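# Fold and contact review
This is what each chain is made of:
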Amino acid sequence: MRYFLALFLFISSQVFAGISLQEFEVMQSLAKKNENTRMKLDFYVKGLLDGIYIANIYAEKKLFCSKYALDHPKFYRMIQDEIDKHYYIYSKNKTPMTHIAIRTLQSKYPCK
């Protein structure tokens, strides 16, 4: 079932930000075998980062406080580190990637 959902995400022209950790892992697995899928995964991570940055700019209460702009390869590594640290919790709760991404930025760049 997860495979078909991931396949649908790749075939469609729109990428939806609200995917779970399990769906993200399927995307990662498929990206290892297919250059086109890898590019779509890169676009997903970049779009996720851009969306969170824009939301943070306009938020009344900041989600995170970074002095520097992040590039998406560094952000991808940060997300992967966060997933590795808390994999059991995130996978058990079917945590959306948006939550994991925001949590990653909050732990790395907390507002004081």
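Note on numbering: residues in each chain are counted from 1, in written sequence order. Only residues with pLDDT of at least 70 get local features here, since the model is predicted, and only at 80 or more are side-chain atom pairs given and counted; chain-wide, interface and lining totals rely on the full set of residues. As a rule here, side-chain values come from all non-hydrogen atoms in the structure, and water together with hydrogens is ignored.

## Some thoughts on the overall build of the chain
- Along the backbone of the chain there are six helices and zero strands.
- Starting at the N terminus, the α and β elements of the chain follow one another as α-α-α-α-α-α.
- Between buried and exposed lies partly exposed: a residue is buried under 20% and exposed over 50% of the maximum accessible area for its type, with that area taken using a 1.4 Å probe on protein chains only. Here the chain holds 112 residues, and the buried ones make up 35% of them.
- By definition in these notes, contact holds between two residues if any of their heavy atoms fall within 4.5 Å. Counting only contacts in the chain whose residues sit at least 6 apart along the sequence, the fraction spanning at least 24 positions is 61%.
- Surface exposure here means Shrake-Rupley accessible area, sampled with a 1.4 Å probe, where a residue is shielded only by the protein chains that are shown. Carbon and sulfur atoms make up 59% of the accessible area of the chain, which totals about 7,600 Å². A helix here means a DSSP run of H or I that spans at least four residues, while a strand means a run of E at least two residues long, and both kinds are numbered starting from the N terminus.

## Examining helix H4 (residues 72–85)
- Helix length check: H4 (14 residues) gives 20 Å between terminal C-alpha atoms against 20 Å at 1.5 Å per residue, within 8%.
- Listed in full, the buried residues belonging to H4 are Phe-75, Met-78, Ile-79, Glu-82 and Ile-83. Angular distribution of buried residues about the axis of H4 spans 140°; they occupy a single face of the element. The exposed set on the far side of H4, more than 90 degrees from its buried face, consists of Asp-84 and Lys-85.
- As for H4, its buried residues are in contact with helix H2 (21–31), helix H3 (35–58), helix H5 (87–92) and helix H6 (97–108).
- Whenever two N or O atoms come within 3.5 Å, that pair is a polar contact, provided that in protein one can donate a hydrogen and the other can accept it, and provided that, for residues adjacent in sequence, both atoms are side-chain atoms. The N-cap residue of H4 is Asp-71: its side-chain oxygen and the backbone nitrogen of Lys-74 are 3.2 Å apart. A helix is expected to span 1.5 Å for every residue after the first. By definition, the arc is the one covered by directions from the helix axis to the C-beta atoms.

## Points about the packing of H4 against H6
- Viewed as axis vectors pointing N to C, H4 and H6 meet at an angle of 100°, and their least axial separation amounts to 9 Å. One way to sum up the angle between H4 and H6 is to call them roughly perpendicular. Residues Phe-75, Met-78, Ile-79, Glu-82 and Ile-83 of H4 touch H6, and the partners they reach there are Met-97, Ile-100, Ala-101, Arg-103, Thr-104, Leu-105, Ser-107 and Lys-108.
- Any residue outside Ala, Val, Leu, Ile, Met, Phe, Trp, Tyr, Cys, Pro, Asp, Glu, Lys and Arg is labelled polar, Gly included; the first ten of those are nonpolar and the last four are charged. Broken down by class, the residue content of the contact of H4 with H6 amounts to eight nonpolar, two polar and three charged. Every axis corresponds to a line fitted to the C-alpha atoms, with the helix fit spanning only the stretch in contact, and the corresponding angles, defined between N-to-C directions, vary from 0 to 180 degrees. Each angle is binned into one of four classes, with values under 35 degrees roughly parallel, values over 145 roughly antiparallel, values of 65 to 115 roughly perpendicular, and all other values oblique.

## Let's talk about unusual backbone geometry
- Its identity is not glycine, yet Lys-94 carries a phi of approximately 50°, on the positive side.
- One can find Lys-94 in the loop between H5 and H6.
- On the basis of relative accessibility, which here comes to 61%, the residue Lys-94 falls in the exposed class.

## Overview of the confidence of the model for the chain
- Predicted confidence across the chain gives a mean pLDDT of 84, with 85% of residues reaching 70 or more.
- How sure the predictor is of each residue is captured by pLDDT, a score from 0 to 100. Per-residue pLDDT, averaged within each element of the chain, yields its smallest value for helix H1 (residues 2–11) (46) and its largest for H6 (94).
- Every residue in residues 3–15 is under pLDDT 50, and counting partners more than four places away or in other chains gives 12 contacts.

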